[in-house]
Amino acid sequence: MRQAQRKKEKDKVAIALMLAFCVIALTSIFTIKSNIDKINGSSTDVPVSEKTQTVAPGKSEEKPDISGDTNTEPADEASSKVPTVDSAGDSGSKPSASKFINPVKSDDAYVTNEYSMETLIYSVTLDQYMTHCGMDIEAPEDTQVVSAAPGTVTAVYEDDRYGTSVEITHSGGFITVYSNLSTSDLVEVGDVVEAGKVIGGVGTTGLFESLEPAHLHLEMLKDGVYVNPADYIKF
């Protein structure tokens, strides 16, 4: 009798434990389901940060003085929309081949890589054949680079491919871009420059042309389309 009674008591304990485990399991299931419902009911739109214009850090690093210009007056704050000014005056004349000058001021300068958008040329640095949207003018490092025509500086930046760069917008739909410069500290966005104004120096900052000697990588656009600088500049 006593053994039967003990067996019944053990069975009751086992049933009680089983019921307790069932209650815990059900509670957990309901909790998980509730959390899932909350997640499904929440917004899945994740805010994406807008693209912002990077601002160049302060000019603290000393660089070779290649300008010959002692004017240290600060320029106005740069903006993404800079009004261009035709510094040639109100004559209504537009830049032509005779109005663009060689931007590298050196008798030792010479063209090493021509503009070539239809024929592939060999890149020493990349070890492959590719198009070339500009013209490379080799000269000793820090040789003065000047504006090829009157215009307004519309961009000063670090290009991932061609290094330190300055963009100048001219009248007549022309834009000239001077890259692989040793410095861009001589001009700021918004500066109005004349033809022959020193804007930088010949350098070696371009990643895509880093195995080549110091040179200016010059690009020219007409109405937003790349053109051959040799069609407008006598080298």
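Residues numbered from 1 in each chain as written. Predicted model: local features only at pLDDT ≥ 70, side-chain atom pairs only at ≥ 80, totals over all residues. Heavy atoms only, no water.

> How would you explain the nonpolar core if you had to name every residue and give the values?
Residues Y178 and L216 are the most contacted members of the largest nonpolar core, which totals 25 residues. Broken down by secondary-structure element, the contributors of at least two residues to this core are strand 4 (135-138), strand 7 (163-169), strand 8 (174-179) and strand 11 (215-222). Contact partners of L216, with chain neighbours within four places excluded, come to P103, V104, M135, D136, I137, V145, Y178, S179, L181 and V202. (Core = buried A, V, L, I, M, F, W, Y, C linked by side-chain atoms within 4.5 Å. Buried < 20%, exposed > 50% of the residue type's maximum accessible area, 1.4 Å probe, protein only. Helix = DSSP H or I, 4+ residues; strand = E, 2+ residues; numbered from the N terminus. Contact = heavy atoms within 4.5 Å.)

> Tell me what's going on with unusual backbone geometry, and back it up with residues and numbers.
Phi at D127 takes a positive value of approximately 55°, unusual for a residue other than glycine. Here D127 falls in the exposed class, since its relative accessible area comes to 56%.

> Describe the environment of H170, with residues and values.
Within the fold, H170 resides in the loop between strand 7 and strand 8. In sequence terms H170 and T152 are 18 residues apart; their C-alpha atoms lie 6.7 Å from each other. Reaching out from H170, the side chain makes a polar contact with the backbone oxygen of A149 at a distance of 3.4 Å. Here P150 takes part through its backbone oxygen, which lies 2.7 Å from a polar atom of the side chain of H170. (Polar contact = N/O pair within 3.5 Å; in protein donor to acceptor, adjacent residues only side chain to side chain.)

> Before we move on, can you summarise a nonpolar patch on the surface with the specific residues and values?
Nonpolar side chains collect at one region of the surface, where L120, Y122, V124, Y129 and L211 lie side by side and expose about 550 Å² of accessible area between them. Overall, Y129 belongs to the exposed group, its relative accessible area being 56%. (Patch = residues over 30% accessible without salt bridge, like charges linked within 9 Å, V, L, I, M, F, W, Y side chains within 5 Å. Areas by Shrake-Rupley, 256 points an atom, 1.4 Å probe, with all protein chains shown as cover. Salt bridge = Lys/Arg side-chain N within 4 Å of Asp/Glu carboxyl O.)

> For the pattern of salt bridges, give the residues involved together with the corresponding values.
Applying the stated criterion across every chain yields a total of 2 salt bridges. Note that R161 is salt-bridged to D159, the shortest N-O span being 3.6 Å. Residue classification places R161 among the partly exposed positions, given a relative accessible area of 35%. D159 sits in the buried class, given a relative accessible area of 18%. The closest approach of N and O atoms between D223 and K222, which form a salt bridge, is 2.9 Å.

> Quick one: what's the story with the pairing of strand 7, residue by residue and with numbers?
Within strand 7, 6 of the 7 residues are buried, which leaves the element mostly enclosed by the surrounding structure. Examined bridge by bridge, strand 6 (residues 151-159) and strand 7 share 7 bridges and lie antiparallel to one another. Directly across from T152, in strand 7, lies its bridge partner T169. Here strand 6 folds back onto strand 7, and the loop between the two strands holds 3 residues. Note: strand 7 against strand 8, 4 bridges, orientation antiparallel. Counterpart to E167 in the pairing with strand 8 is V177. If you look at the hairpin formed by strand 7 and strand 8, you'll find 4 residues sitting between the two strands, and G172 has a positive phi there, around 80°. (Pairing = 2+ DSSP bridges.)

> Give me the lowdown on the packing of aromatic side chains, citing residues and values where you can.
Two aromatic rings are characterised by how far apart their centres lie and by the angle between their planes. The final tally for this structure, using the stated rule, is 5 aromatic pairs. Ring centres of Y122 and Y129 lie 5.3 Å apart, and the angle between their planes is 55°; on these two criteria the pair is classed as tilted. A relative accessible area of 39% means that Y122 is categorised as partly exposed. An aromatic cluster is present here, built from F100, F174 and Y232 joined pairwise through their rings. Above the ring of F174, the side-chain terminus of K222 is found at 5.3 Å from the ring centroid. (Phe/Tyr/Trp six-rings, centres within 6.5 Å; stacked < 30°, edge-to-face > 60°. Lys NZ or Arg CZ within 6 Å of the ring centre and 35° of its normal.)

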